[in-house]
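Next come the chains, spelled out residue by residue.
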Amino acid sequence: MTTQIPVNSLSRHIAPLQEQLGAIATQIIASGYYVLGPNVKAFEQEFAAYCGAAHCVSVANGTDALELSLRALGVGEGDTVGVVANAAMYGTSAVLACGGTPLFIDTEATTGVMSLAALQAALDAGAAPKAVIVTHLYGQLADIEAIVALCHSRGIKVLEDCAQSHGATRNQTRAGSFGDIASFSFYPTKNLGALGDGGAIVSNDAALAQTAAQLRQYGWSAKYTNSLRGGRNSRLDEIQAAMLRAMLPHLDAWNARRREIANRYAAGIHNPRIQVSAAVGEDNVAHLYVVRTDARDALRTHLQDAGVQTEIHYPLCDHRQPCHGGAFDAVQLPATEADALRVLTLPCFPELTDEEADQVIAACNRF
């Protein structure tokens, strides 16, 4: 079969906006203002308001957003940070970049988000992390309210990793406004994606936001006055900010379409060899639609032959990554490790047609 149904299609996603985004690029080029300009300031205000937060500090990418958020929380050499091990090393890398040590917390077996019970057990056993990174994986909110309550009762700060959950909402509160500080990525494949790299830090705490703003620009308290250690050059380009401003009003509709596709899969795939993700509501923006199977390689081959592309998010757990040199070999995370062998991502993006989704469903049911 020559025509493949893609896991994602950025060309389809951007095509309806191409003329508008091209005009924006032309305007920015003509303006002569390319870094930390009026569009960056406007986007920060608009995105903070969208998230229901008081402050937004844009940065160069989502990984910087994670690291600078940790640094704003005071995480440094020797500090421990709780983190899941199934999110492609992004949170773990940020912890290590700060000189900290990751405390790996197991996940829920059916969702992949941090297990409240596993976190509770680690804390009861004597773990005392300075902060916990809660990743809203695949677009679904973790049990964030309970995790925040547990952590705050013990003086532990909470960083929400919202790279995959732009717009996810529970009890009228959006991702990024539950914890002490939150990080976002605007990598092109995200629910709100730029045409390049970009990220943001969101918080209701003015002091944390101020520290993050200084850290993104060398740690300056004034021009050429470096007052904070750990600063760097991490700024969102003016052209990307302007494009994100144009796309932000579309985000809720894009998320709604993602949910439609996810729920179509949940209702339509009936195969005892494939465990589908549950139907989704407002607290899940369906960044990825993941199924689980004990025959992943065979299913991937079957779907590829049927013209359906798939992906694995994510095949190697953080604590098993070769960069650690075996430092975490003793760590056991049963649910996380089992998921790494079983998860498979199906096509799910706003421009996927119902007909294509039905082809995916039919192919899964034939397996």
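Our subject is the structure listed above.
If you're wondering where the values come from, they're calculated on a predicted model, not measured in any experiment.

## Examining the pattern of salt bridges
Taken as a whole and assessed by the stated rule, the structure comprises 20 salt bridges. Across the pair D252 and R174 runs a salt bridge whose closest N-O atoms are separated by 3.3 Å. Note that D252 is positioned in helix α10 (residues 251–268) and R174 in strand β7 (residues 173–174), a separation of 78 residues in sequence. Put simply, R257, E260, R264, D354 and D358 are held in one network by salt bridges that share partners.

## Points about the environment of A212
Within the fold, A212 resides in helix α8 (residues 206–215). Separated by 12 residues in sequence, A212 and A200 have C-alpha atoms that sit 9.9 Å apart.

## Quick word on the packing of aromatic side chains
According to the stated counting rule, one finds nine aromatic pairs in the structure shown. Arranged with centres 5.5 Å apart and planes meeting at 20 degrees, the rings of F43 and F47 form a pair that is stacked. Here F47 and F43 lie together in helix α3 (residues 38–51), a separation of four residues that amounts to about one turn. Residue classification places F43 among the buried positions, given a relative accessible area of 0%. By relative accessible area, which is 0% here, F47 ends up buried.

## With respect to the packing of helix α6 (residues 116–124) against helix α7 (residues 144–152)
Their axes nearest at 10 Å, the elements α6 and α7 cross at an angle of 10 degrees. It follows from the interaxial angle that α6 and α7 lie roughly parallel. On α7, the residues that touch L116, L119, Q120 and L123 of α6 are A146, I147, L150 and C151. Along the lines of polarity and charge, the residues of the contact of α6 with α7 split into seven nonpolar, one polar and no charged.

## Let's talk about the sheet that holds strand β5 (residues 157–161)
Spatially, seven strands are ordered β1-β9-β8-β5-β4-β2-β3 in an open sheet, and the strand pairing comes out mixed. The sheet is open, and its two borders are formed by β1 (55–59) and β3 (101–104), each paired with just one other strand. Here the strands of the sheet are splayed against their neighbours by 25 degrees on average, with no regard to which way each runs. When strand β8 (residues 181–185) meets strand β9 (residues 199–203), the two strands line up antiparallel, connected through four bridges. Looking across to β9, one finds that A182 is bridged to V202. Along the sheet face, α3 touches β1, β8 and β9 and points at about 130 degrees away from the line of β1. Here helix α4 (residues 62–72) sits on the sheet in contact with β1, β2 (80–83), β4 (131–135), β5, β8 and β9, set at roughly 165 degrees to β8.

Scoring rules and cut-offs
- Residue positions are counted from 1 within each chain, in the order its sequence is given.
- Residues qualify for local features only when their pLDDT is at least 70, as the model is predicted, and side-chain atom pairs are given and counted only at 80 or more; totals for whole chains, interfaces and linings, by contrast, use all residues.
- Neither water nor hydrogens contribute to the side-chain values; these are computed over all heavy atoms in the structure.
- We define a salt bridge as a side-chain nitrogen of Lys or Arg found within 4 Å of a carboxyl oxygen belonging to Asp or Glu.
- A helix here means a DSSP run of H or I that spans at least four residues, while a strand means a run of E at least two residues long, and both kinds are numbered starting from the N terminus.
- We call Phe, Tyr and Trp rings a pair once their centres come within 6.5 Å, taking the six-membered ring for Trp, and we label the pair stacked below 30 degrees between planes, edge-to-face above 60, and tilted otherwise.
- Exposure classes here rest on a 1.4 Å probe applied to the protein chains alone. A residue is buried below 20% of its type maximum, exposed above 50%, and partly exposed in between.
- To get an axis, fit a line to the C-alpha atoms, keeping to the stretch in contact for a helix; angles then go from 0 to 180 degrees between the N-to-C directions.
- Angles are sorted into four bins: roughly parallel if under 35 degrees, roughly antiparallel if over 145, roughly perpendicular if 65 to 115, and oblique for all others.
- Contact definition: two residues touch when any of their heavy atoms are within 4.5 Å.
- For this classification, Asp, Glu, Lys and Arg are treated as charged, while Ala, Val, Leu, Ile, Met, Phe, Trp, Tyr, Cys and Pro are nonpolar and the rest, including Gly, are polar.
- Only strands that DSSP links by at least two bridges are regarded as paired with each other.

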